[in-house]
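Topology and contacts: notes
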Amino acid sequence: MTKIDIFREAAFKENSVWRQVLGICSALAVTNFMRNSLIMGLGVMFSLALSGFTISLIRNHTPRSVRMMVQTLIIASWVIIVDLFLKAYIPDASKQLGPYVGLIITNCILMGRAEAFAAKNTPLDSMVDGIGAGFGYTFVLLIISLFREVLGFGSVFGFTFLGDWWPRWSIMAMAPSAFFMLSILFWYIHQKYYIQVKK
Amino acid sequence: MIDIHPFIIFLAAIFTSNILLSNFLGMCSFLSISKEVEASLGLGMAVVFVTVLTAAVNYVVYYQILVPFEIVYLQYIIFIIVIAATVQLTEIFIERFSPALYYSLGIFLPLITVNCAIFGVALFMIIRKYTFMQTIGFAAGSGIGWLLAIMALAGIRQRIKEKMVPAGLQGAGITLIITGIMALAFVGFSGSVIIQ
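Below, the structure is looked at part by part. Everything numeric here is computed off the predicted structure, so don't read it as measured data. (Residues numbered from 1 in each chain as written. Chains lettered and ligands numbered in written order. Predicted model: local features only at pLDDT ≥ 70, side-chain atom pairs only at ≥ 80, totals over all residues. Heavy atoms only, no water.)

Further remarks concern the overall build of chain A. For chain A, the helix and strand inventory stands at eight helices and two strands. Its C-alpha radius of gyration of 18 Å places chain A within 12% of the 16 Å reference for a compact globule of 199 residues. Summarising its shape, the C-alpha atoms of chain A cover approximately 60 × 50 × 25 Å along the three principal directions. Here chain A holds 199 residues, and the buried ones make up 52% of them. Contacts in chain A between residues far apart in sequence, at least 24 positions, make up 74% of those at least 6 positions apart. A total accessible area of about 9300 Å² is found for chain A, and carbon and sulfur atoms account for 69% of it. (Helix = DSSP H or I, 4+ residues; strand = E, 2+ residues; numbered from the N terminus. Rg over C-alpha atoms; globule rule 2.2 N^0.38 Å. Buried < 20%, exposed > 50% of the residue type's maximum accessible area, 1.4 Å probe, protein only. Contact = heavy atoms within 4.5 Å. Areas by Shrake-Rupley, 256 points an atom, 1.4 Å probe, with all protein chains shown as cover.)

This part takes up a nonpolar patch on the surface. On the surface, Phe 7, Leu 11, Phe 15, Leu 148 and Phe 189 of chain B cluster together into a nonpolar patch covering about 420 Å² of accessible area. Inspection of the secondary structure assignment puts Phe 15 of chain B in the loop between helix H1 (6-14) and helix H2 (27-33). (Patch = residues over 30% accessible without salt bridge, like charges linked within 9 Å, V, L, I, M, F, W, Y side chains within 5 Å. Salt bridge = Lys/Arg side-chain N within 4 Å of Asp/Glu carboxyl O.)

With 37 residues of chain A at the interface, the matching set in chain B holds 38 residues. For the pair chain A and chain B, the two sides together bury roughly 3100 Å², of which 85% comes from carbon and sulfur. Looking only at chain A, the three residues that lose the most surface to chain B are Cys 25, Thr 106 and Phe 179 of chain A, adding up to 19% of its buried area. Here chain A is connected to chain B by zero salt bridges. Seen at the junction of chain A and chain B, the total is two residue pairs in polar contact (both at pLDDT 80 or more). (Buried area = accessible area lost by both parts, 1.4 Å probe. Polar contact = N/O pair within 3.5 Å; in protein donor to acceptor, adjacent residues only side chain to side chain.)

All right, on to unusual backbone geometry then. Residue and element names in this part refer to chain B. A positive phi angle, near 60 degrees, is found at Phe 24, a position not held by glycine. Position of Phe 24 relative to the elements: it lies in the loop between H1 and H2. Taking relative accessible area as the criterion, Phe 24 reaches 5% and is therefore assigned buried.

Let us look at helix H7 (residues 116-127) of chain B. Between its first and last C-alpha atoms H7 of chain B spans 16 Å; for twelve residues at 1.5 Å apiece the expected length is 16 Å, and the two agree. When you tally the buried positions in H7 of chain B, you get eleven out of twelve residues, the bulk of the element. (Expected span 1.5 Å × (residues − 1).)

A word on the nonpolar core. Generally speaking, soluble globular proteins have nonpolar side chains that are buried together. Judged by nonpolar contacts, the single largest core of 104 residues is most densely connected at Leu 182 of chain A together with Met 27 of chain B. In terms of residue count, H7 of chain B provides more of this core than any other element does, ten residues in total. Apart from the residues within four sequence positions on either side, Leu 182 of chain A is in contact with Val 17, Ile 24, Leu 28, Val 140 and Ile 144 of chain A together with Leu 176 of chain B. (Core = buried A, V, L, I, M, F, W, Y, C linked by side-chain atoms within 4.5 Å.)

So, in structure tokens, the structure goes:
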């Protein structure tokens with residue numbers, strides 16, 4: 001498999017969110033604004049790529065019995081870097097994302113990719129796979145937050161373009177709409193791409 | 001330091017800011033385990049137990065070790081280790097003293113290490129600057145709120161198991177819609193108590 005194939009497979013065909021239903025927590029929590037989604041997505045992509053690289057690098061030296069713990073600690077180290085970076089350079093976003101940056105550690109996507117891909121493949125392939133999975137995740141986050149921000153606040157990336165004539169849907173800023181938007185996305189994608197494959 | 005009675009925080013964590021329905025934590029195991037009522041009850045009980053225990057340990061570790069030694073930036077790693085160690089110890093302890101309980105809870109314990117609800121409670125307690133008693137109230141409320149949500153969802157899912165669902169919505173899709181409707185119901189509680 002070439003690097004491009006690995007990327008496409010991880011980003012779209014086997015997308016973590018809509019195909020494997022992983023990483024739902026943060027996909028729901030940070031999608032009220034597009035800016036938060038983008039920052040969160042990039043953070044996840046960074047930690048996925050580098051933790052995939054590191055885990056794959058030491059995959060032949062890790063005893064099976066402590067594998068999970070080692071992977072978690074590697075992931076945690078990269079997430080700490082993301083967290084410190086956000087605190088230092090984008091403090092307001094770090095405040096808005098709150099605990100969800102730290103929660104990247106327990107995001108199932110990272111563990112899932114580490115187990116499914118990085119534990120078996122070469123470091124560079126794992127890194128490409130991580131970037132792909134992170135890209136697919138960011139893509140989902142941006143779609144959901146686009147709808148939620150436009151309908152709920154009349155803006156895109158904080159830039160308001162809908163005037164006062166647009167009634168703001170305050171439900172879009174609240175928790176339930178996140179569930180509804182994600183399930184609509186699931187519905188659309190499964191109906192369009194996966195139903196025929198199953199038959 | 002906010003001055004709210006721990007019991008108020010306990011109630012608020014169950015209803016007005018349910019850890020699952022308004023903070024979206026613990027979704028992965030929530031979606032995959034909620035197919036059966038018994039399994040949900042088992043996992044939910046394990047979550048309540050481990051949440052309270054780890055929140056207490058994490059509180060002590062954070063304020064007695066991390067803050068005095070100025071290594072607060074290591075909090076994520078330390079919390080994860082504490083949670084993993086506590087889960088492991090609990091497993092050994094339950095296996096030794098109550099084999100019956102071990103057989104009903106045991107298989108769920110390893111799953112809990114990566115449940116974001118537990119880790120989330122530890123992070124929220126730091127961000128919201130809770131005192132020790134408030135942390136216990138918050139942790140117990142969050143655990144019970146999670147148990148309540150997963151039990152409700154498991155009950156609903158068992159009822160609709162035989163019903164017709166559009167092909168594209170089967171599995172995660174319909175579960176998310178049900179959860180959304182439940183979250184909508186819980187929004188009704190919001191505003192009655194404010195804890196942050």
